[in-house]
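Survey of secondary and tertiary structure
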Amino acid sequence: MNDLQKRTWAEISLPNLKHNYTMIRKALPEGCRFLGVVKADAYGHGALPVSLLLQEAGADYLAVSCLDEALELRSGGITMPILILGHTPPEYTKLLIDQGFTQTVSALAKAREYSVAAGALGKTLKIHIKLDTGMSRLGFLCRGDYFNLGVNNVIACCHLPNLEAEGIYTHFSVSDETDEESESYTREQFELFCQVIDTARERGGVHFAIRHCANSGAVVHYPEMALDMVRPGLLLYGYGDDSGRLGLKPCMRLVTTVSTIKHYEAGTSVSYGRHFVTDRHTRMGVLAIGYADGLPRILSNKCSFAAAGGFAPQRGNICMDMCMVDLTELPQTEVADEVEIFGPSNDLNALSEAAGTIPYELLCAVSKRVPRVYIEE
Ligand SMILES: *Cc1c(COP(=O)(O)O)cnc(C)c1O
C-alpha cells in the first residue's frame with residue numbers, strides 16, 4: 001500500500017495465524033488431521049497468503065466453497081489437498097481430476113454423473129461424501145425414516161467406478177451453542193454420523209480413510225468428535241466466543257483514518273436522514289470508511305471505534321465511503337490519525353452483536369477496496 005494513500009486497510013497478522021494453527025493443532029488427538037477452511041477468501045483474510053502459511057506450517061487439507069476458489073489456490077502455488085465443499089457441475093470433472101481437487105458428493109445422482117464423466121476420461125475422481133445429519137442443507141438424508149436409504153445410497157456411491165471415496169463428513173448446526181438442547185442435538189448428529197459409517201461398513205464393506213465433522217464449535221466443545229480430521233474456520237482466525245479461552249489471537253485489524261475534523265454548535269444535524277443532532281458543541285471527525293468498505297449501515301449510531309486516546313462514538317448514518325465520529329472527548333485525535341474499527345482494541349464479537357449479526361459476516365464483508373496488509377512479525 002502506498003503510504004500517501006492511507007485511507008482504510010486491514011492488517012492481517014500472520015504470526016497470530018501461525019499461533020492459532022499451532023494452538024489448535026496441539027489440542028488435537030494424536031494422528032488427527034487438520035483441515036483449514038479458507039472459503040470466502042479465508043473469511044476475508046486473503047485465501048492465498050493464509051493457505052501458503054498453512055501449507056508451510058504442515059496442515060493436511062484445505063477447504064473452499066467452489067471450483068473458482070480452489071483454482072485460485074492451485075495457481076498460487078498450493079500443492080496440498082483441497083476439498084470443494086459445494087457442488088461442482090460434472091462438466092468440470094476433468095478439471096477437478098487434473099488439478100487434484102477433492103469433490104464433495106451429496107447425492108447419488110450427482111455421484112453417477114461424476115462417475116460417468118471420470119470413466120469417459122479413464123481417470124478417477126477423489127470424493128468426500130457429505131451426510132445431512134440435521135443441518136438440512138447439502139448431504140445424503142439419513143435421519144429417521146431415511147436411515148436405510150441413506151446408508152444404501154452411500155454404499156452405492158462408494159461402489160461406482162472411477163470414484164475414490166476417500167472421506168465422509170457431516171456438518172453441525174449448533175455445536176457452538178452451549179444450552180442443553182443444542183448439546184443433545186449435536187450429540188444426536190454425531191451418533192447418527194457414526195451409525196451411518198458403521199452400518200455402511202457392515203452392509204457394504206466400505207471404509208473411509210478420513211471421517212470428519214468438527215467445525216470450530218465442535219473443536220472447542222466436543223474434542224471427542226475430532227475423528228480423523230477437524231475442520232475449523234472461524235477459530236483459526238481467532239474469533240468466536242471461545243477463542244480467548246483457547247489463547248487464540250484475532251488475525252485481522254481493520255483500520256481507518258480521520259479525513260477531517262469540524263466543530264458544530266448544538267442542534268446541528270449530521271449525515272443522511274438527519275438521524276443524529278448534536279446536543280452540545282461537538283468536535284466531529286469524518287472517517288474514511290463506509291458500508292462499501294464493509295462497515296454495515298445498520299451499525300449507524302450504535303457503535304464506537306478505538307482512537308489513540310479512547311473510544312469515539314459513531315454518529316449519524318454510515319455513508320457508502322465515510323462515517324462520522326464524535327471526537328469531543330478525544331482532543332488529542334487529529335486529522336490523519338488511525339482509528340481501529342475492530343481488532344485488539346475493539347472486539348469484533350461486540351461489534352457483530354451491535355450489528356445483529358455474527359463475526360463471520362463482518363469479516364466476509366470487508367470489501368475488495370480495502371487493501372490487506374500482511375504483518376510478518
Ligand atoms: C464453513 C464450514 C466450516 C467451518 O466453520 P467454522 O464455524 O468457521 O469453523 C466447516 N465445515 C463446513 C462444511 C463449512 O461449510
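All values reported here derive from a predicted model rather than from experimental measurement.

Section: a negative patch on the surface
Judged by side-chain charge, Asp176, Glu177, Asp179, Glu180, Glu181, Asp241, Asp347 and Glu353 come together as a negatively charged surface patch. Mapping Asp241 onto the fold places it in the loop between β10 (229-230) and β11 (252-264).

A closer look at the domain arrangement of the protein chain
In terms of domains, the protein chain is made up of domain 1 (13-237) and domain 2 (252-375). Averaged C-alpha coordinates put domain 1 and domain 2 at centres separated by 38 Å. Taken together, the contact pairs ten residues of domain 1 with eight residues of domain 2. Of the roughly 940 Å² buried between domain 1 and domain 2 on both sides combined, carbon and sulfur atoms contribute 66%. Among the residues of domain 1 in contact with domain 2, Tyr43, His45 and Leu234 are the three that bury the most area, contributing 48% of the side total. Counting the contacts that link domain 1 with domain 2 gives zero salt bridges. At the boundary of domain 1 and domain 2, one finds three residue pairs in polar contact (both at pLDDT 80 or more). Looking at the side of domain 1 that touches domain 2, the elements that each hand over two or more residues are α1 (14-26) and α2 (39-43). A breakdown of the residues in the side of domain 1 that touches domain 2 according to their chemical character gives six nonpolar, four polar and no charged.

Quick look at a nonpolar patch on the surface
A cluster of nonpolar residues, Leu141, Tyr146 and Leu149, forms a patch on the protein surface that exposes about 290 Å² of accessible area. Relative to the assigned elements, Leu141 resides in strand β7 (residues 140-141).

Considerations on unusual backbone geometry
In this model, Ala42 sits at a positive phi of 55°, which is unusual for a non-glycine residue. Tracing the sequence through the fold places Ala42 in helix α2. A positive phi is found at Asn301, a non-glycine position, where the angle reads about 65°. Tracing the chain through its elements places Asn301 in the loop between β14 (282-287) and β15 (304-307). Given the relative accessible area of 30%, Asn301 is considered partly exposed.

Topic: the site of the ligand
Around the ligand sit 13 residues, and of these Lys39, Tyr43, Ser216, Leu234 and Tyr360 come closest. In this structure, Lys39 approaches the ligand through a side-chain N or O atom, which is 2.7 Å from an oxygen atom. In this structure, an oxygen atom belonging to the ligand sits 2.6 Å away from a side-chain N or O atom of Tyr43. Considered on its own, the ligand offers 390 Å² of accessible surface; in the complex 93% of this is hidden by protein. Of the pockets mapped on this structure, the ligand occupies the largest pocket. Grouping the constituent residues of the shell around the ligand by class yields six nonpolar, four polar and three charged.

A look at helix α7 (residues 147-158)
Between its first and last C-alpha atoms α7 spans 17 Å; for twelve residues at 1.5 Å apiece the expected length is 16 Å, and the two agree. Buried within α7 we find Phe147, Gly150, Val151, Asn153, Val154, Ile155, Cys157 and Cys158.

Structural notes on helix α6 (residues 108-121)
An α-helix turns once per 3.6 residues; consequently, residues spaced three or four apart project the same way. With 14 residues, α6 extends 20 Å between its outermost C-alpha atoms, agreeing within 8% with the 20 Å of an ideal straight helix rising 1.5 Å per residue. Within the sequence span of α6, burial applies to Leu108, Ala111, Tyr114, Ser115 and Ala118. Along the axis of α6, the buried positions cluster into a sector of 115°, meaning they face one direction only. For α6, exposure combined with an orientation more than 90 degrees from the buried face picks out Ala109, Val116 and Ala120. Taken together, the buried residues of α6 touch α5 (93-98), β5 (101-105), β6 (125-132), β7, α7 and β8 (163-170). A positive phi of about 70° marks Gly122, the residue just after α6.

A word on empty space enclosed by the protein
Considering all chains together, one arrives at one cavity of 30 Å³ or more under this definition. The calculated volume of the largest cavity comes to roughly 30 Å³. Every residue along the wall of the largest cavity is listed here: Leu85, Gly86, His87, Gln103, Thr104, Ser106, Lys110, Tyr114 and Leu138. Taken together, the residues of the lining of the largest cavity sort by class into three nonpolar, five polar and one charged.

Regarding the pairing of β14
Extensive coverage of β14 is indicated by the burial of six of its six residues. Alternating positions in β14 separate into two faces, Thr282, Met284 and Val286 on one and Arg283, Gly285 and Leu287 on the other, with burial throughout. Inspection of the sheet shows β11 paired to β14 by six bridges, in the antiparallel sense. Across the sheet, His263 pairs through a bridge with Arg283, a residue of β14. In terms of strand pairing, β14 meets strand β17 (residues 323-326) through four bridges, oriented antiparallel. Paired with Gly285 across the two strands is Val325, which belongs to β17.

How each quantity is defined
- Residues numbered from 1 in each chain as written.
- Predicted model: local features only at pLDDT ≥ 70, side-chain atom pairs only at ≥ 80, totals over all residues.
- Heavy atoms only, no water.
- Patch = residues over 30% accessible without salt bridge, like charges linked within 9 Å, V, L, I, M, F, W, Y side chains within 5 Å.
- Areas by Shrake-Rupley, 256 points an atom, 1.4 Å probe, with all protein chains shown as cover.
- Salt bridge = Lys/Arg side-chain N within 4 Å of Asp/Glu carboxyl O.
- Lys, Arg positive; Asp, Glu negative; His and termini not counted.
- Charge placed at Lys NZ, Arg CZ, Asp CG, Glu CD.
- Helix = DSSP H or I, 4+ residues; strand = E, 2+ residues; numbered from the N terminus.
- Domains from an automatic or database assignment.
- Contact = heavy atoms within 4.5 Å.
- Buried area = accessible area lost by both parts, 1.4 Å probe.
- Polar contact = N/O pair within 3.5 Å; in protein donor to acceptor, adjacent residues only side chain to side chain.
- Nonpolar A, V, L, I, M, F, W, Y, C, P; charged D, E, K, R; others polar.
- Buried < 20%, exposed > 50% of the residue type's maximum accessible area, 1.4 Å probe, protein only.
- Near = heavy atom within 4 Å.
- 1 Å grid on protein atoms, 1.4 Å probe; cavity = no way out; pocket = protein on both sides within 12 Å on 5 of 7 lines; lining within 4 Å.
- Sits in = over half its atoms within 2 Å of the grid points.
- Expected span 1.5 Å × (residues − 1).
- Arc of directions from axis to C-beta.
- Points joined across faces, edges and corners; volume = space filled by probe spheres on them.
- Pairing = 2+ DSSP bridges.

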